[in-house]
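Chain residues, written in single-letter form:
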Amino acid sequence: MSKKFYVVWQGIKPGIYQNWADAKQQIDGQKNAQFMGFTSEQDAKKAFSAPYSHALKARSKTAPTTKKSPAHVDKAKSTHPIHIYSDGACSPNPGKSGTGIAIYQQGTLTDLWYGLYNANGTNNTAELLGLLMAFRMAENFISRGLTVDVLSDSKYSIDCITKWAAGWQKKGWTRGKGEEIKNLPLIQECFALYLTLKDKVSVSYVKGHANIEGNELADRMAVYARNQKQVELIPYKASLDIQTILAMPSG
């Protein structure tokens, strides 16, 4: 694995870090953290000498644009014309949380949604709510004969719904020996809906904070929901200018 360098513009201690663990300590729980990974120390130093917004603009110019094809999706998955990215943000954890959604149709960004603010949420509940909302939105596309790929950077949420829930259900919704399952009502609701859609929807893991446009935009919407204390999930009405949205606070 190639070495990476992480620039933290805004966090507990801004600077350049040589591993993710050290960088993560500077941004965890920080409301408006700004950071990015680089493949060389020279690139990291150059980026750190300028504002965070400059790095975002530079990367968006050099990265493959998702308006043609989402960067993470290989050609074998191109049969899914609808891609729905979901993400959750919480600061501190537990604390104030929000959820964001980004929808692409035929590779073009068409909708952003934000909301589900909870003053006493967690990262996991925000992420699970993102999956639930993505499944609800997928229903509409599926009813029109389209297939959908739902994407999340939360392995916990994906595994809860696609791997563990079936076994938990067979055990009477316990983890065995009567051990309690956290976030159970939300998991049950999400799993029940997933079962009705699973033949027409795929659920994919996408790495967070890896410059994948759809995930980054969903992240910005989740943080925006948290900062705006937006309880209802509502569409983002401002211009879908990707560079402008990417310059918004990240989680």
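Just above, that's the structure.
Bear in mind that the values here come from a model prediction, so they are computed numbers and not experimental data.

Thresholds, definitions, all that
Residues numbered from 1 in each chain as written. Predicted model: local features only at pLDDT ≥ 70, side-chain atom pairs only at ≥ 80, totals over all residues. Heavy atoms only, no water. Pairing = 2+ DSSP bridges. Helix = DSSP H or I, 4+ residues; strand = E, 2+ residues; numbered from the N terminus. Axes fitted to C-alpha atoms, helices over the stretch in contact; angles between N-to-C directions. Contact = heavy atoms within 4.5 Å. Parallel < 35°, antiparallel > 145°, perpendicular 65-115°, else oblique. Left-handed = near helix turned anticlockwise from the far one by under 90°. Nonpolar A, V, L, I, M, F, W, Y, C, P; charged D, E, K, R; others polar. 1 Å grid on protein atoms, 1.4 Å probe; cavity = no way out; pocket = protein on both sides within 12 Å on 5 of 7 lines; lining within 4 Å. Points joined across faces, edges and corners; volume = space filled by probe spheres on them. Salt bridge = Lys/Arg side-chain N within 4 Å of Asp/Glu carboxyl O.

### Topic: the sheet that holds strand β3 (residues 34–38)
Then step 1. Ordered by their spatial adjacency, 3 strands build an open sheet running β2-β1-β3, and the pairing between neighbours is antiparallel. Looking at the sheet topology across the chains shown, the edges are occupied by β2 (15–17) and β3. Across the sheet, the mean angle from the axis of one strand to that of its neighbour is 20°, orientation sign disregarded.
Then step 2. Relative to β2, strand β1 (residues 5–10) runs antiparallel, the two being bridged by 3 bridges. By the bridge assignment, V7 is partnered in β2 with I16.
Then step 3. Here helix α1 (residues 20–27) sits on the sheet in contact with β1, β2 and β3, set at roughly 10° to β1.
Then step 4. Helix α2 (residues 41–48) rests against β1, β2 and β3 of the sheet, and its axis sits at about 10° to β1.

### A short note on the packing of helix α4 (residues 123–142) against helix α6 (residues 184–197)
Then step 1. Two numbers describe how α4 lies on α6: the axes approach to 10 Å, and their chain directions differ by 25°. Relative to α6, the element α4 is oriented roughly parallel. Of the two elements, α4 crosses α6, and the hand of that crossing is left-handed. From α4, T125, L128, L129, L131, L132, F135, R136, E139 and I142 reach across to α6, where they touch L186, I187, E189, C190, L193, Y194 and L197.
Then step 2. Split by residue class, the contact of α4 with α6 holds 12 nonpolar, 1 polar and 3 charged.

### A word on the layout of surface pockets
Then step 1. Estimates place the volume of the second largest pocket at around 200 Å³.
Then step 2. Put simply, the parts of the chain that give the lining of the second largest pocket at least two residues each are β3, α2 and α3 (52–62).
Then step 3. Of the residues forming the lining of the second largest pocket, the biggest block, 4 residues, is contributed by α3.

### Describing the pattern of salt bridges
Then step 1. On inspection of all chains with the given rule, the structure shows 6 salt bridges.
Then step 2. Residues K45 and E41 are paired through a salt bridge, measuring 3.9 Å at the closest nitrogen-oxygen approach. With K45 and E41 both in helix α2 and 4 residues apart, this pair spans about one turn of that helix.
Then step 3. Several salt bridges share partner residues, and in doing so they unite E216, D219 and R220 into one network.

### Considerations on the sheet that holds strand β9 (residues 234–235)
Then step 1. One open sheet accounts for 6 strands, arranged β8-β7-β4-β5-β6-β9; its pairing is mixed. The open sheet is flanked by β8 (201–205) and β9, the only strands paired with a single partner.
Then step 2. Of the strand pairs in this sheet, strand β5 (residues 95–105) and strand β6 (residues 108–121) are connected by 9 bridges, and their pairing is antiparallel. If you follow Y104 over to β6, its bridge partner there is L109.

### Quick word on the packing of α4 against helix α5 (residues 155–170)
Then step 1. One way to put it is that α4 packs onto α5 with a least axis distance of 9 Å and a crossing angle of 55°. Relative to α5, the element α4 lies oblique. When you trace α4 past α5, the crossing you get is right-handed. Residues N124, E127, L128, L131 and F135 of α4 form the contact with α5, whose own contacting residues are Y156, S157, I158 and I161.
Then step 2. Residues that form the contact of α4 with α5 fall into these classes: 6 nonpolar, 2 polar and 1 charged.

In short, geometric facts, not functional conclusions.
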